[in-house]
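# Fold and contact review
In case you want the letters, here they are:
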Amino acid sequence: MMLKRILFGFVVFVSFISAYGQTYPHYWVAFTDKQQNSFSLSQPLQFLSQRALDRRQKQGISLDSTDLPVSSFYLDSLRHLGLQITNVSKWLNGATVVTNDSILMGTIDNLGFVAYHQKT
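On a predicted model such as this, the values are computed, not experimentally measured, just so you know. (Residues numbered from 1 in each chain as written. Predicted model: local features only at pLDDT ≥ 70, side-chain atom pairs only at ≥ 80, totals over all residues. Heavy atoms only, no water.)

### Focus: the overall build of the protein
Looking only at helices and strands, one finds four helices and four strands in the protein. Residue burial in the protein is summarised as follows: out of 120 residues, 36% are buried. In the protein, once contacts between residues fewer than 6 apart in sequence are set aside, the share between residues at least 24 apart is 65%. Roughly 7,600 Å² of accessible area belongs to the protein as shown, and the carbon and sulfur atoms make up 56% of that amount. (Helix = DSSP H or I, 4+ residues; strand = E, 2+ residues; numbered from the N terminus. Buried < 20%, exposed > 50% of the residue type's maximum accessible area, 1.4 Å probe, protein only. Contact = heavy atoms within 4.5 Å. Areas by Shrake-Rupley, 256 points an atom, 1.4 Å probe, with all protein chains shown as cover.)

Have a look at this one:
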């Protein structure tokens, strides 16, 4: 849990730095799951390098859903709504978005794949 908080802080920091000078607010959008994903844990070489797999095997670390990339369907859906995605975190299963449309941000929680959003 602490690692997720640290990673969240890092994602927020990087989002702020990458958009320095922009006047639009940033939001963290957390996804509910990693469904509708074109990747599978049964074929890890599609999203992890052989080196990463070898290192995991050597250290006895098994694959789990946090290793899967964020669903491109979810990201494309946010883009289609007009949100600009600045960062994506597969471990936190979410993305930082930029928009000046607060009404839009108020409605995205109605999307079935959005767990929550918060202003960063």
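Let us keep going from here.
### Thoughts on the side chain of Ser71
Considering the arrangement of structural elements, one finds Ser71 in the loop between helix H2 (50–59) and helix H3 (72–80). What makes Ser71 buried here is its relative accessible area of 0%. A polar contact is formed between the side chain of Ser71 and the backbone oxygen of Gln36, at a distance of 2.9 Å. Among the polar contacts listed, one links the side chain of Ser71 to the backbone nitrogen of Phe73, at a separation of 3.3 Å. Apart from the residues within four sequence positions on either side, Ser71 is in contact with Gln35, Gln36 and Asn37. (Polar contact = N/O pair within 3.5 Å; in protein donor to acceptor, adjacent residues only side chain to side chain.)

### Here we look at the sheet that holds strand S4 (residues 114–119)
The four strands lie next to each other as S2-S3-S1-S4, forming an open sheet whose pairing is antiparallel. In this open sheet, the two strands that pair with only one neighbour each are strand S2 (84–89) and S4. If you compare each strand with its neighbour and ignore which way they point, the axes differ by 25 degrees on average. In this sheet, strand S3 (residues 94–98) lies alongside S2 in antiparallel orientation, the contact comprising five bridges. Residue pairing in the sheet places Val88 in a bridge with Ala95 of S3. (Pairing = 2+ DSSP bridges. Axes fitted to C-alpha atoms, helices over the stretch in contact; angles between N-to-C directions.)

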